[in-house]
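Chain residues, written in single-letter form:
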Amino acid sequence: MPYQAGKNLPGERASKLGHLEVLKSPLVKELVKNFEEPSEVELDAPVNWESIPASGEQLDIIFSVDGSIQTIEDKTPPYKALAFVKTALMKIDQVALSRIDKVTPHPFALRDLMTDAALYHATVFPLRHVKVPGLTVYDAVRQTIFESVKDSSLYGEPMETLKWLAYEKWSGEKKNLEEFQCPHIGCESEHATLPYDAEEGVCSNCGNKLYITDMLGFHHDMAENAASDSVGTAYMNIHETLLLFTGIRYFWNNNKDTLKRCLFFKDGPLQIRAQYSKLVAPIRRFLAHAYKMGVPINVVGQEKTGYFVEHLDLIGRNANKGQLFIPDHKYICEQIQHRSASGEPYGKDTNYGAKIFLILDERHHFVLTLPITTGNMKAFILDPQIDLLMGLPNILATLPTILSNRHENALLPIELANSIASLSTYPSAQVLKLFADANIKK
Ligand SMILES: [Zn+2]
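Residues numbered from 1 in each chain as written. Predicted model: local features only at pLDDT ≥ 70, side-chain atom pairs only at ≥ 80, totals over all residues. Heavy atoms only, no water.

With respect to the packing of helix α6 (residues 157–166) against helix α7 (residues 230–254)
Any two packed helices are characterised by how steeply their axes cross, that is the angle between the axes, and by the distance between the axes.
Here comes step 1: Here α6 crosses α7 at 80 degrees, and the two axes come no closer than 8 Å. Relative to α7, the element α6 lies roughly perpendicular. Contact residues: Glu157, Pro158, Glu160, Thr161, Leu162, Trp164 and Leu165 in α6; His239, Leu242, Leu243, Phe245, Thr246, Arg249, Trp252 and Asn253 in α7.
Here comes step 2: Its residues placed into classes, the contact of α6 with α7 shows eight nonpolar, four polar and three charged. (Axes fitted to C-alpha atoms, helices over the stretch in contact; angles between N-to-C directions. Helix = DSSP H or I, 4+ residues; strand = E, 2+ residues; numbered from the N terminus. Parallel < 35°, antiparallel > 145°, perpendicular 65-115°, else oblique. Contact = heavy atoms within 4.5 Å. Nonpolar A, V, L, I, M, F, W, Y, C, P; charged D, E, K, R; others polar.)

Here's what the structure looks like:
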């Protein structure tokens, strides 16, 4: 990378001539000549497309969750940075939806559909060089995360959901919180925990305050006076997951028969990455428990970008409509991630479902994640089978009724949740920037 401009001297510019010199090299010329562009990509492994199973019953209560994040950074030193995060859960009215023109929906019709049908949550984190009186950035972010999950505008419901998952309240047993690393610098005891159902407590080793949200491990992405941008992204993903399971928890506690009619969508894979994956094991245990109780949870994650989507682009060209393909661990490692399959099973700690490639028709090719019906995630991930995908027949019966024709490979519930959660449209990034500037420059 060229040198950046300093205060007194201009920055270095990458020389255009440099590229010419490279192309003059006989070796480079010879190599480039050999790089043919194949007309068709050949895969080393067969793609085992299967016909989709007979569809079941249509699910008539549909929810969708999405989030967005915008980091606002001052362009001048000391480069103060804030991260704004927004998440939304919306209920899709199937009857109202069926009346809407799928190709050119009237914006007012969409607005009416979304009124009173969504829960919103917004928060902001100080990332770098922002002062919160009496607190380091580290502790300010920890406290903001805790207060944000308790958001009173949502009546603290996402916090109840976090406790419901973390203490496995759905099991009826009073389980302890799994031990985690104390976030206090200098302590870092690996045995921090909280008593059943507690939201706050103290570390038994250092005596400092602990929040239940500390178990998620946000502190690994922070230094005392700066937090990585990934804190905001991780918070968004965790909060989306909590909103999703707030819906599931509500029906689980109040009406399991209604829960069976629900379909939940999440934008992105059913995955919580890196240290934040502490919630994945309890979620899998809940999903397996629900299935055993005769209440399959219909939840689907849709990926719109990334390696899996690019891969579907390649293999989908040769597939017929009405087919799906479930890649196993070996296929994902070697064909999609381009790594050796000898390592840990793909998604072992981070995913609560299996990936499928689905060719519904010519215009709708999907990369989806669906939970599985067995508690043995490892066996499942190594060799997933179609009949273990939770709720697949009913989900397949529902998908054709909620396709969007406005965008390729789009589902209406996800498109609508996108439009609510998008920070770039609501409010505008420019407004956020002015707001942030006013606060930062005090
Ligand atoms: Zn401690």
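Back to the text.
Regarding the pairing of strand β12 (residues 354–361)
Here comes step 1: For β12, a buried count of seven out of eight residues is recorded, marking the element as mostly surrounded by other parts of the structure.
Here comes step 2: Sheet topology note: the strand β11 (residues 323–325)/β12 ladder contains three bridges and is antiparallel. Bridge pairing links Phe325 to Phe357 in β12.
Here comes step 3: Sheet topology places β12 next to strand β13 (residues 364–370); seven bridges connect them, and they run antiparallel. Within the sheet, the bridge partner assigned to Asp361 lies in β13 and is His364.
Here comes step 4: Linking β12 back to β13 in an antiparallel pair, the connection comprises two residues. (Buried < 20%, exposed > 50% of the residue type's maximum accessible area, 1.4 Å probe, protein only. Pairing = 2+ DSSP bridges.)

Observations concerning the coordination of the zinc ion
Here comes step 1: The coordination sphere of the zinc ion, as far as protein atoms go, consists of Cys182 (SG), Cys187 (SG), Cys203 (SG) and Cys206 (SG), spread over 2.2 to 2.3 Å.
Here comes step 2: What the four donor atoms of the zinc ion show is an angle range of 104 to 113 degrees at the metal, which sorts the shape as tetrahedral.
Here comes step 3: Expressed as a motif, the donor residue spacing for the zinc ion is C-x4-C-x15-C-x2-C. Remark: Cys203 occurs in the loop between β5 (200–202) and β6 (209–211) and Cys182 occurs in the loop between α6 and β5; sequence separation between them is 21 residues.
Here comes step 4: Take Cys182: its relative accessible area is 0%, and that puts it in the buried class. (Donors = N, O, S within 2.8 Å, 3.2 Å for Na, K, Ca; no water. Tetrahedral: all angles 85-135°; square planar, octahedral: opposite > 155°, others 65-115°.)

Digging into the packing of helix α10 (residues 307–315) against helix α11 (residues 329–336)
Here comes step 1: Contact geometry of α10 with α11 gives a least axis separation of 11 Å together with a crossing angle of 85 degrees. Judged on the interaxial angle alone, α11 and α10 are roughly perpendicular. For the pair α10 and α11, the contacting residues are Tyr307, Phe308, His311 and Ile315 in the first and Tyr331, Ile332, Gln335 and Ile336 in the second.

Observations concerning the packing of aromatic side chains
Here comes step 1: For the coordinates displayed, the defined rule picks out 17 aromatic pairs.
Here comes step 2: Both rings, one in Phe63 and one in Phe264, keep their centres 5.2 Å apart while their planes meet at 10 degrees; by these two values the pair is stacked. Within this pair, whereas Phe63 is found in strand β2 (residues 61–73), its partner Phe264 is found in strand β9 (residues 262–267), the two being separated by 201 residues in sequence. Just as Phe63 is buried, Phe264 falls in that class too.
Here comes step 3: An aromatic cluster of three or more residues is present, and its members are Trp49, Phe308, Phe325, Tyr331, Tyr346 and Phe357.
Here comes step 4: Looking at Lys355, its charged tip hangs above the ring of Phe308, at a distance of 4.1 Å from the centre. (Phe/Tyr/Trp six-rings, centres within 6.5 Å; stacked < 30°, edge-to-face > 60°. Lys NZ or Arg CZ within 6 Å of the ring centre and 35° of its normal.)

A word on the side chain of Gln271
Here comes step 1: Locating Gln271 in the fold gives a position in the loop between β9 and α9 (280–292).
Here comes step 2: At 3.1 Å, the side chain of Gln271 forms a polar contact with the side chain of Asn351.
Here comes step 3: With residues up to four places along the chain from it excluded, the contact list for Gln271 reads Asn237, Tyr346, Thr350, Asn351 and Tyr352. (Polar contact = N/O pair within 3.5 Å; in protein donor to acceptor, adjacent residues only side chain to side chain.)

Some thoughts on a nonpolar patch on the surface
Here comes step 1: A cluster of nonpolar side chains, Leu27, Leu31, Val32 and Phe35, forms an exposed patch at the surface whose accessible area comes to about 420 Å².
Here comes step 2: Within the secondary structure layout, Leu27 lies in helix α2 (residues 26–34).
Here comes step 3: Judged by its relative accessible area of 56%, Leu27 is exposed. (Patch = residues over 30% accessible without salt bridge, like charges linked within 9 Å, V, L, I, M, F, W, Y side chains within 5 Å. Areas by Shrake-Rupley, 256 points an atom, 1.4 Å probe, with all protein chains shown as cover. Salt bridge = Lys/Arg side-chain N within 4 Å of Asp/Glu carboxyl O.)

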